[in-house]
Amino acid sequence: MKKVSVEDYCTQNFTPLFSREREATWEALRRACNDSALSAVDAQLYYDHLRAVFIQLMLIAVTKSCSMDASSDAHVFVMMYLERHDHSEIDQISKGYNQAFASSGLAPNRDGVAEMVAHFADMLTSDRMQQATIERLYIEFYGILKIFFDDFRSIKLVPLR
């Protein structure tokens, strides 16, 4: 199993996260959904929320797959990275997705990713998103989460200390 530092792992995931190419991919997703409520959302707000979702999904996979030290370092790294790169608003937005995911633990039959999608729909469209869009985002978010879990089949995160 290959050892990767928390900093390297987070950085390798964050570099494309803030790229124009990623924004183009997200615009393609938005067009494919053909949802008037989602289409009306400001592009930067849409990107910031998707970045926050991506970050939370990465942190969920880290928390569930890695040591407590690596998980804690990843959380600190994310907060510091966002602050250093003038993206503190994404850190704030991210907290809502963390709470949405965590709320699923309070009820036995609730899915954390579904709660994140519901939070996304509420925050961006005041729950006016079409059901088909919600279902598509649910599949997309789970796809991202699966990629992170797959990473941890071949790598071991090494804490910073």
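One can find the structure itself at the top, above this paragraph.
Conventions we followed
- Residues numbered from 1 in each chain as written.
- Predicted model: local features only at pLDDT ≥ 70, side-chain atom pairs only at ≥ 80, totals over all residues.
- Heavy atoms only, no water.
- Axes fitted to C-alpha atoms, helices over the stretch in contact; angles between N-to-C directions.
- Helix = DSSP H or I, 4+ residues; strand = E, 2+ residues; numbered from the N terminus.
- Parallel < 35°, antiparallel > 145°, perpendicular 65-115°, else oblique.
- Left-handed = near helix turned anticlockwise from the far one by under 90°.
- Contact = heavy atoms within 4.5 Å.
- Nonpolar A, V, L, I, M, F, W, Y, C, P; charged D, E, K, R; others polar.
- Buried < 20%, exposed > 50% of the residue type's maximum accessible area, 1.4 Å probe, protein only.
- Expected span 1.5 Å × (residues − 1).
- Arc of directions from axis to C-beta.
- Phe/Tyr/Trp six-rings, centres within 6.5 Å; stacked < 30°, edge-to-face > 60°.
- Salt bridge = Lys/Arg side-chain N within 4 Å of Asp/Glu carboxyl O.

### Overview of the packing of helix H4 (residues 43-65) against helix H7 (residues 112-125)
Right, on to step 1. Running from N to C, H4 and H7 cross one another at 165 degrees; their axes reach a closest spacing of 11 Å. In terms of orientation, H4 lies roughly antiparallel with respect to H7. Crossing of H4 against H7: the hand is right-handed. The residues of H7 that touch H4, namely those facing Leu-45, Tyr-46, His-49, Leu-50, Val-53, Gln-56, Leu-57 and Ile-60, are Val-113, Met-116, Phe-120, Met-123 and Leu-124.
Right, on to step 2. Considered class by class, the residues forming the contact of H4 with H7 number 11 nonpolar, two polar and no charged.

### Digging into unusual backbone geometry
Right, on to step 1. The backbone of Ser-126 shows a phi angle near 50 degrees, a positive value even though the residue is not glycine.
Right, on to step 2. Tracing the backbone shows Ser-126 in the loop between H7 and helix H8 (131-154).
Right, on to step 3. Notably, Asp-127 is not glycine yet its phi reads approximately 65 degrees, a positive angle.
Right, on to step 4. Within the fold, Asp-127 resides in the loop between H7 and H8.

### Topic: the environment of Ser-154
Right, on to step 1. Within the secondary structure, Ser-154 sits in helix H8.
Right, on to step 2. Using a relative accessible area of 42% as the deciding quantity, one classes Ser-154 as partly exposed.
Right, on to step 3. For the pair Ser-154 and Lys-3, spaced 151 residues apart in sequence, the C-alpha to C-alpha distance is 8.8 Å.

### A few points about the packing of helix H1 (residues 6-17) against H4
Right, on to step 1. Packing of H1 against H4 brings their axes to within 11 Å, and their N-to-C directions diverge by 160 degrees. The pairing of H1 with H4 is recorded here as roughly antiparallel in orientation. Where H1 crosses over H4, the two elements pack in a sense that is right-handed. Together, Tyr-9, Cys-10, Asn-13, Phe-14 and Leu-17 of H1 and Arg-51, Phe-54, Ile-55, Met-58 and Val-62 of H4 make up the contact between the two elements.

### Overview of H1
Right, on to step 1. Compared with an ideal rise of 1.5 Å per residue, which puts 12 residues at 16 Å, H1 spans 16 Å between its outermost C-alpha atoms and is within 8% of the ideal.
Right, on to step 2. Those residues of H1 lying buried are Val-6, Tyr-9, Cys-10, Asn-13, Phe-14 and Leu-17. Viewed end-on, H1 has its buried residues packed into an arc of 120 degrees, placing them on one side of the element.
Right, on to step 3. Buried positions along H1 lie against strand E1 (2-5), helix H2 (20-33), H4, helix H5 (68-84), H8 and strand E2 (155-158).

### So, the packing of aromatic side chains
Right, on to step 1. Tallied over the full model, the rule gives 12 aromatic pairs.
Right, on to step 2. Taking the centre distance of 5.2 Å and the plane angle of 45 degrees together, the rings of Tyr-9 and Phe-152 count as tilted. Taken together, the residues Tyr-9 in helix H1 and Phe-152 in helix H8 connect sequence positions 143 residues apart. Across this residue pair, the class does not change: Tyr-9 and Phe-152 are buried.
Right, on to step 3. A centroid spacing of 5.9 Å and a plane angle of 90 degrees characterise the contact between Phe-120 and Phe-141, whose relative ring orientation is edge-to-face. Pair noted here: Phe-120 is in helix H7 and Phe-141 is in helix H8, with a separation of 21 residues, a long-range link.
Right, on to step 4. Taking the relative accessible area as the measure of exposure, Phe-120 reaches 0% and is therefore buried.
Right, on to step 5. On the basis of relative accessibility, which here comes to 2%, the residue Phe-141 falls in the buried class.

### Focus: the pattern of salt bridges
Right, on to step 1. Applying the stated criterion across every chain yields a total of nine salt bridges.
Right, on to step 2. Among the ionic pairs, Arg-30 bridges to Glu-27, the shortest N-O distance being 2.8 Å. Of this pair, Arg-30 and Glu-27 both sit in helix H2, three residues apart, which is roughly one turn of that helix. The pair formed by Arg-30 and Glu-27 is uniform in burial state, with each residue classed as buried.
Right, on to step 3. One salt bridge in this structure joins Asp-150 and Arg-153, with 2.4 Å as the shortest N-O distance. In this pair, Asp-150 and Arg-153 both sit in helix H8, three residues apart, roughly one turn of the helix.

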